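Examination of the molecular architecture
What follows is the residue order along each chain.
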Amino acid sequence: MLPSSNSSSSTRWSSRVAFILAATGSAVGLGNVWKFPYVAGEHGGGAFVLLYLLCVLLVGLPIFAAEILLGRRGRRSPVGTMRRLVEECGVFPRWRQVGWLGMATGFVILSYYSVIAGWIVAYVTYAARGFFDGAAPSDIAALFGELTADAGAMILWHTIFMALTYEVIARGVGGGIERLVKYFVPLLIGLLIALAVVLAFEGGLLGGLRYLFKPDFSQLTGASVLAAMGQAFFSLGIGAGAIMMYGAYLSSAASIAKTSAVVALMDTGVALLAGVVVFGLVSLFALDPAQGPGLVFKTLPLAFTQMTGASYLAVMFFVLLLLAAWTSSISILEPSVVWLTEDFSMSRRAAASVMALIGWALGLLTIFSFSDPQTMSIFGYSPFELLDFTAANVMLPMLGMLVVVFAAWKLPAARTPEIWGLRSPVVWRLWFYLTHYLCPVAAAAILLHGFWPD
Ligand code: TRP
């Protein structure tokens, strides 16, 4: 047996609210503001959004809760937690792999997440230097083109962001994570709402709402279904052991179902809000909604070009976006760091350095995907596209499905409503069917369907 793998972590959040803030901080991030609008844009808008909402409610939410439940029972890193639960429940040892694979998947996500978040750091400096004041849409698109062609610059910003992530994790749960999320998560949500209101006065809101909520089912393909599911997993931050880790610090008294519902609601609300803002700008300036990862970087600055006091607002906005990314990336790094401290008796700071360095190096693949697309292309796809697709659209749903199957079918303790924090017998019935049947079957079906050629 390895050194300290038998001792549970005694770390706890200072309160239930602290957990909700940390989990919301993890959920709300680039997935909502950067990814959701561009993925919805590539799949035609309204019908995709509907599919996304179904995925969050019927599949994402129960898996989110199941992940917290496993974490709270195991009280260790995902690897340690799965190892312990497998022993406790006497199931096939292969189940342990859910912990490993989750951490590995998280790692891949962290690597490109940090690169994109690095772009946000760059945009903070652009806003501060007044680059957006009175700029035309073509200037703003050119700015994005310049940044993503410059590998050196991207490496610099990526390094800064990874260092920020490292520092919080090195400081620990109470002194790092909790301190960061306490102020910034409420601030971020407030500012996003303010921005939507400002846009409403500029007249773009209606166009955004129309695009986002008018369904056109002819635009949906098998790939859209897979993308909607992948997006739901990415946005909630499930399947990679991050929420399992945060669940390990949750007090036994907190209601898992209720806290999960609150976090899922906030996450979905922010994604829709960001979608309305981005597509509002797209319709206001007659831009193309299907332009991939650059969408937000080419549209959001436009919101600030014509307004008075725009530079301040722009700086504030990109700083808050940066904070959103920061409170998410820490949740992805935390599990692997705790795993190193458990199984290799490393100090937290040393473990965080090792993991941040590996994530940083892996991130270079994404950087060169953008700066040097010709050389890096593999069968017409960039490494970034392949990493993102495999990690987010395939691995997260698969691991999430395994998590909910484990909780529902293998963990005897999960058979009572109390453990989930459910009181109503009707809701419990529903929950039971959702976690036992609908959720795993839907996840499996969507995974298979997504690979089916259209
Ligand atoms: N949910 C975050 C976002 O939307 C990203 C994230 C945090 C994540 N933790 C995760 C993604 C775990 C996958 C797995 O930006």
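Residues numbered from 1 in each chain as written. Predicted model: local features only at pLDDT ≥ 70, side-chain atom pairs only at ≥ 80, totals over all residues. Heavy atoms only, no water.

**Topic: the overall build of the protein**
Regarding its fold elements, the protein presents 19 helices and zero strands. In terms of its C-alpha atoms, the protein occupies a principal-axis envelope of roughly 65 × 45 × 45 Å. Among the 454 residues that make up the protein, the fraction classed as buried is 60%. Across the protein, contacts joining residues at least 24 apart in sequence account for 82% of those joining residues at least 6 apart. Summed over all atoms, the accessible surface of the protein reaches about 17,300 Å², with 68% contributed by carbon and sulfur. (Helix = DSSP H or I, 4+ residues; strand = E, 2+ residues; numbered from the N terminus. Buried < 20%, exposed > 50% of the residue type's maximum accessible area, 1.4 Å probe, protein only. Contact = heavy atoms within 4.5 Å. Areas by Shrake-Rupley, 256 points an atom, 1.4 Å probe, with all protein chains shown as cover.)

**A word on the layout of surface pockets**
The space that makes up the second largest pocket amounts to roughly 170 Å³. Forming the walls of the second largest pocket are L57, L61, A257, K258, A261, L422, V427, L430, W431 and L434. Elements that contribute at least two residues to the lining of the second largest pocket include exactly α3 (46-74), α12 (256-284) and α19 (425-451). In terms of residue count, α19 provides more of the lining of the second largest pocket than any other element does, four residues in total. In the lining of the second largest pocket, the residues fall into nine nonpolar, no polar and one charged. (1 Å grid on protein atoms, 1.4 Å probe; cavity = no way out; pocket = protein on both sides within 12 Å on 5 of 7 lines; lining within 4 Å. Points joined across faces, edges and corners; volume = space filled by probe spheres on them. Nonpolar A, V, L, I, M, F, W, Y, C, P; charged D, E, K, R; others polar.)

**Overview of the packing of helix α9 (residues 205-213) against α12**
One way to put it is that α9 packs onto α12 with a least axis distance of 7 Å and a crossing angle of 115°. In this structure, α9 crosses over α12, and the sense of that crossing is right-handed. Packed against α9, whose contacting residues are L205, G207, G208, L209, Y211, L212 and F213, the element α12 presents L272, G275, V276, F279, G280 and S283 at the interface. In the contact of α9 with α12, the residues fall into eight nonpolar, five polar and no charged. (Axes fitted to C-alpha atoms, helices over the stretch in contact; angles between N-to-C directions. Left-handed = near helix turned anticlockwise from the far one by under 90°.)

**Notes on the packing of aromatic side chains**
Tallied over the entire structure, the rule returns 29 aromatic pairs. With a centroid separation of 5.0 Å and an interplanar angle of 70°, the aromatic rings of Y123 and F297 are classed as edge-to-face. Taken together, the positions of Y123 in helix α5 (residues 97-128) and F297 in helix α13 (residues 295-299) put the pair 174 residues apart, joining distant regions of the chain. Relative accessible area serves as the criterion here: at 1%, F297 is assigned to the buried category. Ring centres 5.9 Å apart and planes at 70° place the aromatic pair W428 and F432 in the edge-to-face group. (Phe/Tyr/Trp six-rings, centres within 6.5 Å; stacked < 30°, edge-to-face > 60°.)

**Focus: the site of the ligand**
Residues in close proximity to the ligand total 16 residues, the closest being A27, G31, Y113, F234 and S235. Within the backbone of L30, an N or O atom sits 3.0 Å from an oxygen atom of the ligand. A distance of 3.1 Å separates a nitrogen atom of the ligand from a polar atom in the side chain of S331. For the ligand, whose unbound accessible area comes to 360 Å², protein coverage reaches 100%. (Near = heavy atom within 4 Å. Polar contact = N/O pair within 3.5 Å; in protein donor to acceptor, adjacent residues only side chain to side chain.)

**Description of the state of the cysteines**
For the structure shown, the criterion picks out zero disulfides. In this model C89 remains outside any disulfide bridge; the closest cysteine sulfur is found in C439, 19 Å from its own. Looking at C439, it has no disulfide partner, and the nearest cysteine sulfur is the one in C55, 10 Å off. With a relative accessible area of 0%, C439 lands in the buried category. (Disulfide = S-S within 2.5 Å.)

**Focus on the pattern of salt bridges**
Evaluation of the coordinates by the stated rule reveals six salt bridges. Note that K35 is salt-bridged to D388, the shortest N-O span being 3.0 Å. With K35 in helix α2 (residues 30-42) and D388 in helix α17 (residues 383-410), this pair connects stretches of sequence that are 353 residues apart. Assigned by exposure class, K35 and D388 land together as buried. When the shortest N-O distance is used, the salt bridge between R348 and E334 registers 2.7 Å. Here E334 lies in helix α14 (residues 310-343) and R348 lies in helix α15 (residues 348-371), a separation of 14 residues in the sequence. Relative accessible area serves as the criterion here: at 0%, E334 is assigned to the buried category. Each of E167, R171 and R349 takes part in a single network of salt bridges with overlapping partners. (Salt bridge = Lys/Arg side-chain N within 4 Å of Asp/Glu carboxyl O.)

**What about the nonpolar core?**
One finds W13, L300, F318, F406 and W420 to be the most contacted residues of the largest nonpolar core, which totals 171 residues. The dominant element in this core, judged by the number of residues it contributes, is α5, at 19 residues. Ignoring anything within four residues of it in the chain, the contact list for W13 reads A18, F19, A22, V173, I177, E178, Y246, Y249 and L250. (Core = buried A, V, L, I, M, F, W, Y, C linked by side-chain atoms within 4.5 Å.)

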